[in-house]
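Report on the structure
Residue-level listing of the chains:
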Amino acid sequence: MAVMEKMTRASSGGMISGRTMFCHLDAPANAISVCRDATQVVVAGRNIFKIFALEDEGFVERLNLRVGRKPSLNFSCADVMWHQMEENLLATAATNGAVVTWNLGRPCRNKQEQLFTEHKRTVNKVCFHPTEVHMLLSGSQDGYMKCFDLRKKESVSTFSGQSESVRDVQFSMKDYFTFAASFENGNVQLWDIRRPDRYERMFTAHTGPVFCCDWHPEDRGWLATGGRDKMVKVWDMTTNRAKEIFCVQTIASVARVKWRPERKWHLATCSMMVDHNIYVWDVRRPYIPFATFEEHKDVTTGIVWRHQHDPDFLLSGSKDSTLYQHMFKDASRPVDRANPEGLCFGLFGDLAFAAKESLMSGEVGRKPYAGGDRRYPIFFFKKPDVTEQFAQVSSALSVFETAPGGAPMDWFIKTARRYLLSGRPFAELCEHNAKVAKDLNRPQVSTTWTMLRIMFSDPANPSSSSNHNLSKLGNLPLMNSFSMKEMSSALTERNKENRQDNIHNLDSNLNTTEDNEETEGSEGQAEYLFGDAELDDDDLYSMEHENQAAEEAEFSLPQEAFPLRHEIVDHPSAPEPLTEKPESPHVSGSEAEATCLTPMESFSLISVSSSLLFPPHLPPAFFSPVVIAMLRYYAEQGDVQMAVSVLIVLGDRIRREIDELTQEHWYMSYIDLLQRFELWNVSNEVIKLSTCGAISCLNQASTTLHINCSNCKRPMNNRGWICDRCHQCASVCAVCHHVVKGVFVWCQGCSHGGHLTHIMDWLRNSTYCPAACGHQCEYT
Amino acid sequence: MLEMEHTPGYELVRERQASPATETDIPRELEEHSPTSRHPPASVLNARRFSRLSSRDEQERTAALEALTQSVLERVENSARLERDILLQLLRVSRSCPIPDIKERAAELLKRAQEEGVAIPQALSSGPSAFIPADEILEEGAGQDVMTEAFLSMGRVDHVTMVMGLHPSYLNCFLRTQNALLQLDGPLPLPWRHYIIIMASARHQCSYLVQLHSFAFLQEGGDETWLKGLSHTPTKIQRLHTLNKLLAHRPWMITQEHIQELVSPGAEPRWSFAELIQAIVLMSHAHSLSSFVWGCGINPEPDQSGGHTFQSTAQSGLSPLQQNNGQSDSPNRQEWSEAVSEVELLMERMMMVQQQEEECTQEEMLTRFERERSESLLEPAEGVRCVPPDSISQFVPEPDFSYQDFSPRGEQSPTTMRAQDYSWEDHGFSLMNRLYGEMAQLLEEKFQVVYALTYRTMAMHTDVDTTTLRKALWNYIHCVYGIRYDDYDYGEVNQLLERSLKVYIKTVACHPEKTTHRMYTSFWRHFRHSEKVHVNLLLLEARLQAALLYALRAITRYMT
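Here is what the cut-offs are and how they apply
Residues numbered from 1 in each chain as written. Chains lettered and ligands numbered in written order. Predicted model: local features only at pLDDT ≥ 70, side-chain atom pairs only at ≥ 80, totals over all residues. Heavy atoms only, no water. Core = buried A, V, L, I, M, F, W, Y, C linked by side-chain atoms within 4.5 Å. Buried < 20%, exposed > 50% of the residue type's maximum accessible area, 1.4 Å probe, protein only. Helix = DSSP H or I, 4+ residues; strand = E, 2+ residues; numbered from the N terminus. Pairing = 2+ DSSP bridges. Axes fitted to C-alpha atoms, helices over the stretch in contact; angles between N-to-C directions. pLDDT = per-residue confidence, 0-100. Contact = heavy atoms within 4.5 Å. Patch = residues over 30% accessible without salt bridge, like charges linked within 9 Å, V, L, I, M, F, W, Y side chains within 5 Å. Areas by Shrake-Rupley, 256 points an atom, 1.4 Å probe, with all protein chains shown as cover. Salt bridge = Lys/Arg side-chain N within 4 Å of Asp/Glu carboxyl O. Lys, Arg positive; Asp, Glu negative; His and termini not counted. Charge placed at Lys NZ, Arg CZ, Asp CG, Glu CD. Buried area = accessible area lost by both parts, 1.4 Å probe. Polar contact = N/O pair within 3.5 Å; in protein donor to acceptor, adjacent residues only side chain to side chain.

It is worth spelling out the nonpolar core at this point. Met-164, Tyr-195, Leu-240, Trp-271, Phe-292 and Leu-497 of chain B are the most contacted members of the largest nonpolar core, which totals 164 residues. For this core, the element with the highest residue contribution is helix α29 (residues 529-559) of chain B, accounting for 17 residues. In terms of nonpolar packing, the next biggest core, distinct from the first, is built from 53 residues, Met-455, Ile-628, Val-644 and Val-682 of chain A among them.

This next bit is on the pairing of strand β30 (residues 351-356) of chain A. Residues and elements named next belong to chain A. Bridge count for strand β29 (residues 342-345) against β30 is four bridges, and the pairing is antiparallel. Of the residues in β30, the one forming a bridge with Leu-343 is Phe-353. Between β29 and β30, which follow one another and run antiparallel, lie five residues, and Gly-349 among them has a positive phi close to 90 degrees. Examined bridge by bridge, β30 and strand β32 (residues 395-400) share six bridges and lie antiparallel to one another. Looking across to β32, one finds that Lys-356 is bridged to Ser-395.

A word on the sheet that holds strand β26 (residues 300-307) of chain A. Residue and element names in this part refer to chain A. An order of β1-β28-β27-β26 is seen for the four strands of this open sheet, with the pairing classed as antiparallel. At either margin of the open sheet sits one strand with a lone partner, and together these are β1 (21-24) and β26. Along the sheet, successive strands turn relative to each other by an average axial angle of 15 degrees, direction set aside. As judged from the four bridges shared by β1 and strand β28 (residues 322-327), these two strands associate in the antiparallel manner. By the bridge assignment for β28, Phe-22 is matched with Tyr-324.

So, about the confidence of the model for chain A. Residue and element names in this part refer to chain A. In this model, chain A carries a mean pLDDT of 73, and residues with pLDDT of at least 70 account for 67%. Low confidence marks residues 363-387, where pLDDT is under 50. Its contacts with residues over four positions away, or in another chain, come to 50 contacts. A low-confidence stretch, residues 460-613 (pLDDT under 50), is modelled with 209 contacts involving residues beyond four sequence positions or located in other chains.

So, about a negative patch on the surface. Residues and elements named next belong to chain B. There is a patch of like negative charges on the surface, built from Glu-58, Asp-101, Glu-104 and Glu-108. Top contributing element to the negative patch by residue count: helix α7 (residues 100-115), with three residues. Inspection of the secondary structure assignment puts Glu-108 in helix α7.

What follows is about the sheet that holds strand β13 (residues 155-160) of chain A. Residue and element names in this part refer to chain A. What the four strands build is an open sheet, ordered β10-β11-β12-β13; its pairing is antiparallel. The sheet is open, and its two edges are formed by β10 (123-128) and β13, each paired on a single side. The mean angle between the axes of side-by-side strands here comes to 20 degrees, regardless of whether they run parallel or antiparallel.

Residue-level contacts link 31 residues of chain B with 31 residues of chain A. A combined buried area of about 2,900 Å² lies between chain B and chain A, and 47% of that area is made up of carbon and sulfur atoms. At the boundary of chain B and chain A, one finds five salt bridges. A salt bridge links Asp-486 of chain B to Arg-46 of chain A, with the shortest nitrogen-to-oxygen separation between them at 2.7 Å. At the surface where chain B touches chain A, the tally comes to eleven residue pairs in polar contact (both at pLDDT 80 or more). For the side of chain B that touches chain A, the elements supplying multiple residues, two or more each, are α2 (9-18), α20 (362-374), α23 (424-435) and α29 of chain B. No other element matches α23 of chain B, which puts eight residues into the side of chain B that touches chain A.

Next comes the structure, spelled out in structure tokens:
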């Protein structure tokens, strides 16, 4: 260990040694700073202003700068900085708006040298120029930055940020004249010290205040910023527009950020609230801190690397009234405790699973990747890097695809495309949709549509269309009265059964996997997957396989099975479960080729029962509870498509009975699915037809029409027809010269236009613009 | 029974679903007429009929209006009894609904009922505020669209909304926050939220808010017995009492122990952080809104008790309040010119404050702060000790606990909170964002809007930079609550805020129930009402922020 330290010392050229240590302060610290040779540190806060020497054995108090019987507010420091050239010179920013410099060389007890009271509000930050001895910069809550020449009594220049609250100012390490300032409104400005009139560049770095910024000590273009939005961002300032090159998401607002010396990619952060730890991040690995220091008991307020060429010592002050020196080798490494595993479903039922190599290699019966296999292991190795000390992890990524030819989501897309949701009489819509469902081999869905039509159509005026199912089944009043109770109880029964299957399946799971020669998953992996509760939420797969789940005892798949299991059973080697179908008392929801129960048959099965229990003319409201139960059933099964389609088609007949939130949830899920499948038209149609306020406004969000005045070509700000600037009527019809109120059609080439009808008339006779601008107008 | 035939089938089912308690009572509509109806009370059921009027769907609105008309006319013609509630609701709609059709129809129905010999109620007040003439509010108030939106989202346009409508940009974000607080997803159940508002506004004897939210509480399906008093509620709510009391009157006394009592694992029934933070926001919101209600002299809603009378007031003409208004609006010539010179003086001082580069010692600064903080301004009002009215007292255990003037200099004065050490922008927001994210954003926006709100006018002057004045107001209110800004010279407060204004502000902020019309009229006599409302908005937000800061600081301390 000692040898190592010596080496560090030798390499950095400094004379630093030490260990992790701390000392108690009398009061919370607001900021700390070290002197150039890294032997002393100054701590400043509301009620503390002291200098400590860093000895090998611990901190030793050298000087208390807070003197006087009744210390003034000038001692109440928000920030402190030790000059990096002049070892006797310090500057503090006081909460009352004063900027104070201190000269340790003064012979008397009071070391205060200069006092600038030019700022009207709290000064948040002071910063010495890295190479210029007499130049000091301050940034204040009043929105101004001031540059002081310490040889003069007043500031030499004032920079106005044109917004309130400068939170941080930092001179660039490499560019002599440049400094960066961060603001409470989220902006970062770059200034040239010689040009106080205007900033060189401004960009919005964060939402909410930017609490801190720090220039990279070596790379001249890099600026790190931290904000209340919990992000640390690294900007490349060499390009024309500031470009965000890295972004680290932390768990609390970022109060300070400091680049780590000698390590290009590392920076240290601490947070403003709640989180007391100090993190060192490798900006290339933004998801997990490279190292963490967990010593503080309250928020850390100041961090500084002890020596500008030594990456191993970090000093920190905190609200818990302690001052720490952290040794990098003592830091905890969160990555060592992390489990690098991940799992994700793809749109078409693919499943990707990544785990540590070591875990994966222990698998039993794993097969090497072959061309025809559905599993593609992909290996990631991080290149060994001398300075990089991140634990090296190699993960294996497995991708499971669904069996080719199964195309499990086809039905969804086809259904979405072909369903009709509006524009025709109710009965026709139902009939059409029933037919679509039937074509796609979804008899249960088809039956449901047919039943809906029967339930909600007015029995007095039977649908004009002739449905063969209907005609075979005889008169309508009778139909109207078949027992819905039976139906719903069948559904619930079935639900129960499925639940049991689910439970049962946990046991039989192992058998299943072994039975199938295509299965590669190890037990460990399978169990892991199975234990994941989220899997039950996967709603895409429920409909297509549920019949198998329901009928096949030996295979007893969970009905909300996940793809891994699915594809196993789906494979041709599995026996076809559908052959036993006709015995089924259920209405089938099978997607498979073999249809066994036609909707007609299932009707007759059910409608035999108590037709006399109810009077023949039932109001549609009578069916509402059962329809609601049906909708919920479908939604729970994951066929949210059905739930939403029925909801839309039934419209007012049902929507009042279901609470808005549930409806909204269904709509959202369905729209989300549609958009993932890029069925934009259908999704828009659904949005349009929805009756939920929250949904129908989706289409209106972020749609803005910018209108320019047709006379002066400036943007129109106000509503109405008069332009602010030229005080003339904008949007005048080029044909009749009246203001167009309503539909305005215009040529995109010359921007003349007018009433739709007028323009149409005009263009019948001429191809030129009616405003006689000579443009050959084109309307599409 | 009559009503039944006119209501479409689904309507019935919906009503039943909405009120599960009645599902078993089959002949519900019989009960409606009996005076001792079981819950939900008939008034709530009637109110539901009106809430349909504020549907976003225009057709639905029309249908609701038709249904309402029919059922009322039906009753009038068959000389069946029209419930009081219906009449009152009609009165409210006829006075405040921003949608002309509905408003006119309601007025028509009332008139029709009167012709049939039904005693119809009259609103006692001429407008939303007792201090501000109604026509001024109507003239300068927010546009139709804001009001319509408010009506559609809340089901009514209450007086507070109408008065705030003088500052539409603020009203917008106020309503959004309130909606998020009371309606949108959150850890607390909806009736609870209203109940917390009730118990909080009761601390300031704000019967306006108590009645408004009692009504909403029942509508959300709250248990009627809770309204009998705090002792009828679950212990969990009762445990909020201490915090409520402190937040309302002496927020600087809130410590981490108070938080610990509520959230620590040993405490049963225990509050989760998420619930607690919502409750805290609700309570502070209600406290500061009570200040606004009192400060602007908000009149009771026409459907609240004290807001209407069934005696015909047509002959008597103006109510006493209105007569008052009439007098105060026409001061005599001498007063007038005095007032003008006051404005001039204030302008001058503002200029002075902006330019002055006066240096003074820290000692002096501290003295100035302490002087502002402990100045006792309430001597004259002290004599009249308000006793909470009966309708409210059940929500107010320990009614004697109230704001206390800081003892002048020294002993026992609570430690000041330094704005630099715990500010909303840095600390408050960060913590709130963690515990109740969406609310942090909304509050932040609201604070920003109110802090930046200016029309650059002052009384008859235009294009005035009022920053210093607004800052003085804001900082003075924080000062009264013991928050000190290191970088602010409290001498400015003394220069810019005249004594009568300070009396008003301190009363409204600390003892809102003691606000009088006199106080309101005696400050800034030449200023416009909208400017006085602006002062009240600053007051509301500054007070809210102060209370939140203390509560959040206690939570922070508990968490670390």
